[in-house]
Amino acid sequence: MASSIKTGSAGASRAAARAGAGELPLNQIVAGDCIEAMNAMPAGSVDLIFADPPYNLQLKGELHRPDNSRVDAVDDAWDRFDSFAAYDRFTRAWLKAARRVLKPDGAIWVIGSYHNIYRVGAALQDLGYWILNDVIWRKSNPMPNFRGKRLTNAHETLIWAARDEAGKYTFNYEALKELNDGVQMRSDWVLPICSGGERLRDENGDKAHPTQKPEALLHRVIVGTTNPGDVILDPFFGTGTTGAAAKRLGRNWIGIEREEAYRKVAQARIDAVVPYDLDAVRVTRARRKEPRIPFGQLVERRLLEPGDLLYSINGRHVAKVRADGTLVARDARGSIHQVGAALEGAPSCNGWTYWHFKKDGRPAPIDVLRQQLRAELGDGA
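A quick note: this is a predicted structure, and the numbers were derived from the prediction, not measured. (Residues numbered from 1 in each chain as written. Predicted model: local features only at pLDDT ≥ 70, side-chain atom pairs only at ≥ 80, totals over all residues. Heavy atoms only, no water.)

S.K.: Please clarify how the packing of helix α6 (residues 215–225) against helix α7 (residues 241–248) should be interpreted in this entry.
M.R.: Helix packing geometry: the angle between the two helix axes and the distance between the axes. Where α6 meets α7, the axes come as close as 9 Å, and the angle between the chain directions of the two elements is 55 degrees. It follows that α6 is oblique to α7 by the angle criterion. The crossing of α6 and α7 is right-handed. Here Glu215, Leu218 and Ile222 of α6 lie close against α7, whose contacting residues are Thr241, Thr242, Ala244, Ala245, Ala246 and Arg248. When its residues are assigned to classes, the contact of α6 with α7 shows five nonpolar, two polar and two charged. (Axes fitted to C-alpha atoms, helices over the stretch in contact; angles between N-to-C directions. Helix = DSSP H or I, 4+ residues; strand = E, 2+ residues; numbered from the N terminus. Parallel < 35°, antiparallel > 145°, perpendicular 65-115°, else oblique. Left-handed = near helix turned anticlockwise from the far one by under 90°. Contact = heavy atoms within 4.5 Å. Nonpolar A, V, L, I, M, F, W, Y, C, P; charged D, E, K, R; others polar.)

S.K.: Which parts of the structure should I look at to understand the sheet that holds strand β5 (residues 155–162)?
M.R.: To summarise the sheet geometry, strands pair through backbone hydrogen bonds and adopt either a parallel or an antiparallel arrangement. With respect to topology, eight strands assemble into an open sheet ordered β1-β8-β7-β2-β3-β5-β4-β6, the strand pairing being mixed. If you trace the sheet from one side to the other, it starts and ends with β1 (28–31) and β6 (188–191), each paired once. Strand-to-strand, the axes of this sheet are offset by a mean angle of 20 degrees, without reference to chain direction. Of the pairings in the sheet, the one linking strand β2 (residues 46–51) to strand β3 (residues 102–112) comprises five bridges and is parallel in character. (Pairing = 2+ DSSP bridges.)

S.K.: What exactly am I supposed to notice about the packing of aromatic side chains here?
M.R.: The description of two aromatic rings rests on the distance between their centres and on the angle between their planes. Enumeration over the complete set of coordinates arrives at eleven aromatic pairs. Aromatic pair Tyr87 and Phe90: ring centres 6.4 Å apart, planes at 55 degrees, arrangement tilted. Here the residue Tyr87 and the residue Phe90 both occupy positions in helix α3 (residues 84–101), the gap between them amounting to three residues, near one helical turn. Consider the rings of Phe237 and Trp253, whose centres lie 5.5 Å apart with planes at 10 degrees: the pair is stacked. (Phe/Tyr/Trp six-rings, centres within 6.5 Å; stacked < 30°, edge-to-face > 60°.)

S.K.: Would you explain the pairing of β3 in this entry?
M.R.: In regular strands, side chains alternate between the two faces of the sheet. For β3, the buried fraction is high: eight of the eleven residues fall into the buried class. With six bridges joining them, β3 and β5 adopt antiparallel strand pairing. Within β5, the residue paired with Ala107 across the bridge is Ala162. (Buried < 20%, exposed > 50% of the residue type's maximum accessible area, 1.4 Å probe, protein only.)

S.K.: Please explain the pattern of salt bridges as it appears in this structure.
M.R.: The final tally for this structure, using the stated rule, is 15 salt bridges. Here Asp88 makes a salt bridge to Arg119, at a shortest N to O gap of 2.8 Å. Taken together, the positions of Asp88 in helix α3 and Arg119 in helix α4 (residues 117–126) put the pair 31 residues apart, joining distant regions of the chain. The partly exposed category is assigned to Asp88, whose relative accessible area is 23%. A salt bridge links Glu156 to Lys139, with the nearest nitrogen and oxygen atoms 2.7 Å apart. Of the two residues, Glu156 sits in strand β5 while Lys139 sits in strand β4 (residues 130–139), which places them 17 residues apart along the sequence. Classification of Glu156 as buried rests on a relative accessible area of 9%. (Salt bridge = Lys/Arg side-chain N within 4 Å of Asp/Glu carboxyl O.)

This is the structure:
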């Protein structure tokens, strides 16, 4: 997270020139002010925004541990604002620019602490965003409260909002469920803060950025609310956690960052990332979102031929495939579902799992062939 108060930088001017040509600076870090840079981009061009803006922590003086060692707290110039009113003006300005650049079905994630998240939430609603969830990131290893005058700040809050109330935003429900061991994902996430080998350091061994976010947090956001190939914008790019996670997961990214030191660290970090292969980054989709494949298409594509035999899952029944995509078995004729139900004397039947064909001498459900066609269409789950 780094502030992007107007600087009139050459980087933002270059971004404006690119946008004038109708281009997005895909997979690039734009130098300069985030408001100028976003306003220079084509409207309605970004699928998702992840924003980690300045928290306006209002720190006064240095913070020390009980042993009198100094805490490396956030005291950078980009986190300082003259007043709450100044912070509110800044927040509304960048959120307005962000909403313009989002696609009609786009969405935004904003992360913050008690210092700023309530003000950000009010601004989101005032500007027309539609809040979908607030997510509590509970830190499994939070920094203690060294002064002992307040509770330990053990969580941060993320707000997930659609650009518009009627927007058909991306939500990969099944994918998040699988990430959570088959249980519906909740709005409280327990993840550790960035530490150890993941924490980036400068040439002096100091933290490269005071508020670097863990890549696990971005992994969950990206898997849950984007699809491969989507464009993810981070207007407060910092050391590039969003870009690193996006590149790894097969998404396009755009970073905006005014601090040169952060840009250098972020670029080196992202250059070292090796993307996962396309099959690995596809997410599990709800079946209702999968394209409908009629059984007849299997026959048209000659994955099954007229006259081929299909076998019931229990091995008791055999049916013959006909050229029009229907089956015939004894006195039953009709669809794969109708014939299966008639043979079993059942009110209904899922023919895709009931009927099997012989593959290498072994029975396999015809649903395997349906999934093969879906994969060819680029919609495999």
